[in-house]
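Notes for the structure review
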Amino acid sequence: MQAVSAPSALADARFPDVVWPVWRRLLFRFTVIYVGLYMSPLKWAGDVPLLNLGGNYYSMGESWLVTLANRHLFHVKEQLVPFNGSGDTSYGYAQLCLFTLLALIGTAVWSALDRRRAYDRLSYWFLVALRYYVALVALLYGTIKLFGQQMIFPSLSQLATPLGDLLPMRFSWLFIGYSEPYQFFSGAVEVLAGVLLLWRRTATLGAFVATSVFLNVMMMNLCYDIPVKLFSIHLFVFSNLLLLGDARRLLDFFVFNRPTQPKRTYAFTTRRARIGWLVLKASFVLFFGLLPLYRAYQYSQPEPVAGKKPPKPKLKAGFYEVADFRVPVSFPDSLRWQNVVFEEQTTGSIQTADTLFRQRYRRGYFSYDLDSTQQTIAFRKFADDSLALFTLHIDRPDTNRLLLRGLFRGDSLTVALRRTNRHFQLAERQFHWLSEANR
């Protein structure tokens, strides 16, 4: 099953063109247009100088066209929500409809203008472009997993959140983030798929690995309601398209137990063309393979002391029980503070239903600024907010007790907090070769 490099003239002599049936030609034209729109290089070349400017204009034009088509044709939602960390927003579905419509129109126009009955050469180069795109995605996502940067180990606030309050997406995220070795393993497999896809001789094996990887990712997204369903489905389909290019050879080898023919290839016949291709390939590996790896490594390292900002004053991290909570009688019980968590950074959370804070899984999240000279603590919804939600005076009788006093929602508030050695077994990262019982 080894691919044979040969000049195009030799390749054509050994593999004469066979007339494609009409259905295959139509399907090929539609696929080329749709996949070309979906993986437009201008959208993912943001790290490449000069190309990033064109990518910005392309994205603006695409956004305008998607919005216009949705308003007059698709009506997915009256007001489209753009991509925001979720790839399954209403904009994503309107974009999917637009790409499908444009691919159908493009197929009709292409079919009317082009009477060719075979696209062997174009199919070859289309699959080359597609495998480089799949390699790009596998390398990017695999690299950040290698350094444990996609799924983070549960914070103290998340450990203090009841399991039943978590949504399935967050539950799955914490499941992977809990184990750094497992996340490293999953990232290493993705990087392996990306590396194998970069070379023609290993491309088929890379497509097998990529299909397995993205099948697992797709099923995770579908079964745990992770909002990257459309993207993962596309990656799984694209990986299978790469295998379809070798379908006849794979069937002969794995199913029919017959000898296989060498893979049809098209090589550059001039020295200038070969050098140009090597330069393009080296640039791809640099921008989308080595640079992300280097950046992920830098991000995982401690900040250099010389450029390190003076640390902000912060409270002792830990789980604090609310020993006393004094508010006016009219204060709603649902807004009372049950417990407070201060994280290692100047962030934390409160078990309360108060929407004044950033609510997530029945906990109110906040950022804070501690003023040691004025003995005050300012609570903010987000770290970069210019105005504080409220400011309280803080007393620290000892290292494990805090007393907060001041105005809160226009009324006087007094909160006594006591730090406890809250024990979370999950945080111990337990592992046992010998297990006498199902724990």
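Rules used in this analysis
- Residues numbered from 1 in each chain as written.
- Predicted model: local features only at pLDDT ≥ 70, side-chain atom pairs only at ≥ 80, totals over all residues.
- Heavy atoms only, no water.
- Helix = DSSP H or I, 4+ residues; strand = E, 2+ residues; numbered from the N terminus.
- Buried < 20%, exposed > 50% of the residue type's maximum accessible area, 1.4 Å probe, protein only.
- Contact = heavy atoms within 4.5 Å.
- Areas by Shrake-Rupley, 256 points an atom, 1.4 Å probe, with all protein chains shown as cover.
- Pairing = 2+ DSSP bridges.
- Salt bridge = Lys/Arg side-chain N within 4 Å of Asp/Glu carboxyl O.
- Patch = residues over 30% accessible without salt bridge, like charges linked within 9 Å, V, L, I, M, F, W, Y side chains within 5 Å.
- Polar contact = N/O pair within 3.5 Å; in protein donor to acceptor, adjacent residues only side chain to side chain.
- Core = buried A, V, L, I, M, F, W, Y, C linked by side-chain atoms within 4.5 Å.
- Expected span 1.5 Å × (residues − 1).
- Axes fitted to C-alpha atoms, helices over the stretch in contact; angles between N-to-C directions.
- Parallel < 35°, antiparallel > 145°, perpendicular 65-115°, else oblique.
- Left-handed = near helix turned anticlockwise from the far one by under 90°.

1. A closer look at the overall build of the protein chain
Along the backbone of the protein chain there are 13 helices and nine strands. Per-residue burial over the protein chain gives 39% buried out of 439 residues. Of all intrachain contacts in the protein chain linking residues separated by at least 6 positions in sequence, the fraction that spans at least 24 positions is 61%. Summed over all atoms, the accessible surface of the protein chain reaches about 26000 Å², with 62% contributed by carbon and sulfur.

2. Quick look at the pairing of strand β6 (residues 376-380)
In terms of residue burial, β6 counts as a mostly covered element, since four of its five residues are buried. Taken together, the five bridges between strand β5 (residues 363-371) and β6 define a ladder with antiparallel strand orientation. Within β6, the residue paired with Asp-369 across the bridge is Ala-378. Turn length for the β5-β6 hairpin, with the two strands adjacent in sequence and antiparallel, is four residues, and the turn residue Gln-375 shows positive phi of about 55°. Bridge count for β6 against strand β7 (residues 390-398) is four bridges, and the pairing is antiparallel.

3. Overview of the pattern of salt bridges
Scanning the entire structure with this criterion turns up 14 salt bridges. Among the salt bridges present, the one from Asp-324 reaches Arg-326, with a minimum N-O distance of 2.6 Å. By relative accessible area, which is 27% here, Asp-324 ends up partly exposed. Its relative accessible area of 55% is what places Arg-326 among the exposed residues. A salt bridge links Asp-369 to Arg-380, with the nearest nitrogen and oxygen atoms 2.6 Å apart. Residue Asp-369 is found in strand β5, and its partner Arg-380 is found in strand β6; the two are separated by 11 residues along the sequence. With relative accessibility at 14%, the residue Arg-380 sits in the buried group.

4. Some remarks on a nonpolar patch on the surface
A cluster of nonpolar residues, Leu-205, Phe-208, Leu-251, Phe-253, Phe-254, Val-255 and Phe-256, forms a patch on the protein surface that exposes about 700 Å² of accessible area. Listing elements by their share of the nonpolar patch, those giving two or more residues are α10 (203-223) and α12 (247-254). Considering each element in turn, the nonpolar patch owes the most residues, three residues, to α12. Looking at where Phe-256 falls in the secondary structure, it is placed in the loop between α12 and α13 (271-300). Exposure remark for Phe-256: the relative accessible area of 46% places this residue in the partly exposed category.

5. Let's talk about the side chain of Asp-88
Positionally, Asp-88 belongs in the loop between α4 (51-74) and α5 (90-113). Since its relative accessible area comes to 16%, Asp-88 is described here as buried. Polar contacts involving the side chain of Asp-88 include one to the main-chain amide nitrogen of Val-228, which spans 3.3 Å. Engagement of the side chain of Asp-88 in a polar contact is seen with the backbone nitrogen of Lys-229, the distance being 2.9 Å. If we skip the residues at most four places from it in the chain, Asp-88 touches Tyr-93, Ile-226, Pro-227, Val-228, Lys-229 and Leu-230.

6. Focus on the environment of Phe-83
Position of Phe-83 relative to the elements: it lies in the loop between α4 and α5. Accessibility expressed as a relative area gives 42% for Phe-83, which makes it partly exposed. When sequence neighbours within four positions are dropped, the list of residues in contact with Phe-83 reads Thr-89, Tyr-91, Gly-92 and Gln-95.

7. Focus: the nonpolar core
Val-35, Leu-130, Phe-214 and Phe-238 are the most contacted members of the largest nonpolar core, which totals 48 residues. Breaking this core down by element, the ones donating at least two residues are α2 (22-38), α5, α6 (120-146), α9 (180-197), α10, α11 (229-244) and α13. It is α6 that provides the largest number of residues to this core, a total of 14 residues. Contact partners of Leu-130, with chain neighbours within four places excluded, come to Val-35, Met-39, Phe-238, Leu-241 and Leu-242.

8. Remarks on the pairing of strand β8 (residues 401-408)
One ladder, built from four bridges, connects β7 with β8; its direction is antiparallel. Counterpart to Asp-395 in the pairing with β8 is Leu-403. Where β7 folds back on β8, the antiparallel hairpin that results is connected by two residues. Where β8 meets strand β9 (residues 411-420), eight bridges bridge the pair, whose relative direction is antiparallel. Each residue of the ladder has a partner; that of Leu-402, found in β9, is Leu-417.

9. Structural notes on α6
Note on helix geometry: an α-helix contains 3.6 residues per turn, so any two residues three or four positions apart are oriented the same way. Compared with an ideal rise of 1.5 Å per residue, which puts 27 residues at 39 Å, α6 spans 38 Å between its outermost C-alpha atoms and is within 8% of the ideal. Summarising burial for α6: 20 of the 27 residues are buried, a large majority.

10. Focus: the packing of α10 against α11
In contact at an axis separation of 8 Å, α10 and α11 are set at 155° when each is read in the N-to-C sense. Relative to α11, the element α10 lies roughly antiparallel. Note that α10 runs across α11; the crossing there is left-handed. For the pair α10 and α11, contact is made by Thr-204, Ala-207, Phe-208, Ala-210, Thr-211, Phe-214, Leu-215, Val-217, Met-218, Asn-221 and Leu-222 and by Lys-229, Ser-232, Ile-233, Leu-235, Phe-236, Ser-239, Asn-240, Leu-242 and Leu-243, respectively.

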